[in-house]
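Chain residues, written in single-letter form:
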Amino acid sequence: MGVSIEVNSDNFAAEVVQKSYEKPVVVDFFAQWCGPCQMLKPILEKLVQEYDFVLAKVDIDQSPDLANTYGVEGVPDVKIWMQGEMRDGFVGVLPEPKLRSLLSELSLKSELEQGLETLQTAIQTGDAATAKQLLQALSEEYPEDRRLILAGARFLVSQNKFESATKLLTAIQADDKEYFAQAQAIKALIQFQQIVTESAAENELDELFFKAIRLTLNEDYAAALNLFLELVGRNRNYRGDGARKAMIMIFDLLGDDHPLTKEYRKQLLLVLY
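By convention here, each chain's residues receive numbers from 1 onward along its written sequence. Note on the predicted model: pLDDT of at least 70 is required for a residue's local features to be given, and 80 or more for side-chain atom pairs to be given and counted; whole-chain, interface and lining totals, by contrast, use all residues. Each side-chain value is worked out from all heavy atoms of the structure, with water and hydrogens disregarded.

Undergrad: Would you mind showing me how to read the overall build of the protein here?
TA: Numbering of helices and strands runs from the N terminus, with a helix taken as a DSSP run of H or I at least four residues long and a strand as a DSSP run of E at least two residues long. Assigned secondary structure in the protein consists of 13 helices and five strands. For the radius of gyration, the atom set is restricted to C-alpha positions; the globular benchmark scales as 2.2 Å times the number of residues to the power 0.38. For the protein, whose C-alpha radius of gyration is 23 Å, the value lies well above the compact-globule estimate of 19 Å for 273 residues. The dimensions of the protein, computed from C-alpha atoms along their principal axes, are 75 × 45 × 30 Å. For the protein, the proportion of contacts with a sequence separation of at least 24, taken over those separated by at least 6, is 64%. Taking the average location of the 28 positive side-chain charges in the protein and that of its 42 negative ones, the two points are 6 Å from each other. We call two residues in contact whenever any of their non-hydrogen atoms come within 4.5 Å of each other. In this tally Asp and Glu are treated as negative and Lys and Arg as positive; neither His nor the chain ends contributes. Throughout, a charge is located at the NZ atom of Lys, the CZ atom of Arg, the CG atom of Asp or the CD atom of Glu.

Structure (structure tokens):
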């Protein structure tokens, strides 16, 4: 947990510059009359309760000299100090996921993120008992966190508890743009599991498709994408364009910034066009 403080010309050097040698200092230059500033404020206040950084709030009307010194032309203007030096931040309002990414770039992790990493390790190593305990503990503390809901659903899928996973995912609706695609991808994983459980391969394309599904369920995404790509090239109409749709699902599951997503999106375009 970090700390939130008000900063002015008198204490800026001590609370921002000097303090930045101990931990990152996020400086929020704001104004009381600024609507976007009031939108950003609660998000920053929420994050400083989760991450170990200093949130230093500077009212530019009370400290115009600081605003001039650090080139503040519009608010909110967020700048970052580390090791006594100012780094680039951003101007305007960033959505919470973008702010979390920014904090991650500063090598900061919240207690929840550390818990999610431990949970993922437990799932990958097959330690279902530990994963279940972690999920329960984290869910009690962060009952509405979408990342935890997604992690919980994926764990339930790995335990073949498809109905429970589907029920858990109902909390993520279409207007939850940041996480809805991932929720839909996990629902597709459930359908994949049902396909390999209930269906039998009738031809070579079926064998490739089912193998790619099993690779996906085992989280061997590179191999799965390679097989799905082969299927797209061999028969675009197979299972109603099912191989291409499966690739899109994996992209949603991994996220736009994942190296596999970037690589195989390019390869898919080359095959299609």
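Undergrad: I tried to follow the nonpolar core on my own but got confused; where do I start?
TA: In a soluble, globular protein the nonpolar side chains are often hidden away together inside. Only buried Ala, Val, Leu, Ile, Met, Phe, Trp, Tyr and Cys residues count toward a nonpolar core, and they belong to the same one when joined by side-chain atoms within 4.5 Å. For the exposure calls, accessible area comes from a 1.4 Å probe over protein chains only, and a residue counts as buried if that area is under 20% of its type's maximum, exposed if over 50%, partly exposed in between. If you look at the biggest cluster of nonpolar residues, it comprises 44 residues, and the most contacted ones within it are F228, M247, M249 and I250. For this core, the secondary-structure elements that each account for two or more residues are α7 (146–158), α8 (162–169), α9 (177–198), α10 (204–217), α11 (221–234), α12 (242–254) and α13 (259–272). Among the nonpolar cores identified, the runner-up in size contains 20 residues, and V27, F30, L66 and A67 belong to it.

Undergrad: Looking at this structure, how should I read α8?
TA: Since one α-helical turn is 3.6 residues long, residues separated by three or four positions face the same way. Taken residue by residue, α8 has F162, A165 and L169 as its buried positions. All buried residues of α8 fall inside an arc of 65 degrees around its axis, so they share one side. Along α8, exposed side chains directed more than 90 degrees from the buried face belong to E163 and K167. Note that the arc is defined by the directions from the helix axis to the C-beta atoms.

Undergrad: Teacher, can you tell me more about the packing of α9 against α10 here?
TA: Each pair of packed helices can be summarised by the angle the axes make with each other and by the distance between the axes. Viewed as axis vectors pointing N to C, α9 and α10 meet at an angle of 130 degrees, and their least axial separation amounts to 10 Å. Between α9 and α10, the interaxial angle falls into the category oblique. Taken as a pair, α9 and α10 cross one another with a handedness that is left-handed. Listed contacts from α10 to L189, F192, Q193, I195 and V196 of α9 are F210, I213, R214, T216 and L217. Charged means Asp, Glu, Lys or Arg here, nonpolar means Ala, Val, Leu, Ile, Met, Phe, Trp, Tyr, Cys or Pro, and polar covers whatever is left, Gly included. Taken together, the residues that form the contact of α9 with α10 break down as seven nonpolar, two polar and one charged. Under this scheme, a helix contributes an axis fitted over its contacting stretch, all axes are lines through C-alpha atoms, and angles between N-to-C directions fall in the 0 to 180 degree range. To sort the angles, those under 35 degrees are grouped as roughly parallel, those over 145 as roughly antiparallel, those from 65 to 115 as roughly perpendicular, and the leftovers as oblique. Note on convention: near helix rotated counterclockwise from far helix by under a right angle means a left-handed crossing. Clockwise means right-handed.

Undergrad: What exactly am I supposed to notice about the packing of aromatic side chains here?
TA: Ring geometry is summarised as follows: Phe, Tyr and Trp rings, the Trp one being its six-membered ring, pair when their centres sit within 6.5 Å, and such pairs are stacked at plane angles under 30 degrees, edge-to-face over 60 and tilted between the two. If you walk through the whole model with that rule in mind, you get nine aromatic pairs. Measuring from ring centre to ring centre gives 6.5 Å for F29 and Y70, while their planes differ by 40 degrees; the resulting arrangement is tilted. Of this pair, F29 sits in strand β2 (residues 25–30) while Y70 sits in the loop between α3 (64–69) and β4 (77–82), and the two are 41 residues apart along the sequence. Arranged with centres 6.2 Å apart and planes meeting at 35 degrees, the rings of F192 and F228 form a pair that is tilted. With F192 in helix α9 and F228 in helix α11, this residue pair connects regions lying 36 residues apart in the sequence. Judged by relative accessible area, F192 falls into the buried class, the value being 7%. Taken together through their ring pairs, the aromatic side chains of F192, F209, F210, F228 and Y238 make up a single cluster.

Undergrad: Would you take a moment to explain the sheet that holds strand β3 (residues 54–59) for this structure?
TA: Adjacent strands of a sheet pair through backbone hydrogen bonds, lying either parallel or antiparallel. With respect to topology, five strands assemble into an open sheet ordered β1-β3-β2-β4-β5, the strand pairing being mixed. Single-partner strands in this sheet number two, and they are β1 (3–6) and β5 (85–91). Pairs of neighbouring strands in the sheet enclose a mean axial angle of 25 degrees, with direction left out of account. Following DSSP output, two strands are said to pair if at least two bridges run between them. In the sheet, β1 pairs with β3 via four bridges, with the strands oriented parallel. The residue of β3 that forms the bridge with V3 is V54.

Undergrad: What am I meant to see in the state of the cysteines here?
TA: When the sulfur atoms of two cysteines come within 2.5 Å, that pair is taken as a disulfide. This model, assessed by the stated rule, comprises one disulfide. The disulfide partner of C34 is C37, and the gap between their sulfur atoms is 2.5 Å. Here the disulfide of C34 and C37 is right-handed, its torsion about the S-S bond being about 85 degrees. The burial state of C34 is the same as that of C37; both residues are buried.

Undergrad: Can you walk me through the pattern of salt bridges in this structure?
TA: Any two side chains of opposite charge can pair, given that their charged atoms come close. For salt bridges, the criterion is a side-chain nitrogen of Lys or Arg within 4 Å of an Asp or Glu carboxyl oxygen. Evaluated as defined, the whole model comprises 18 salt bridges. Across the pair K19 and E22 runs a salt bridge, and its minimum N-O distance is 4.0 Å. The exposed category is assigned to E22, whose relative accessible area is 58%. Among the salt bridges present, the one from K79 reaches D77, with a minimum N-O distance of 3.4 Å.

In short, the description is geometric, and any link to function would need to be established separately.
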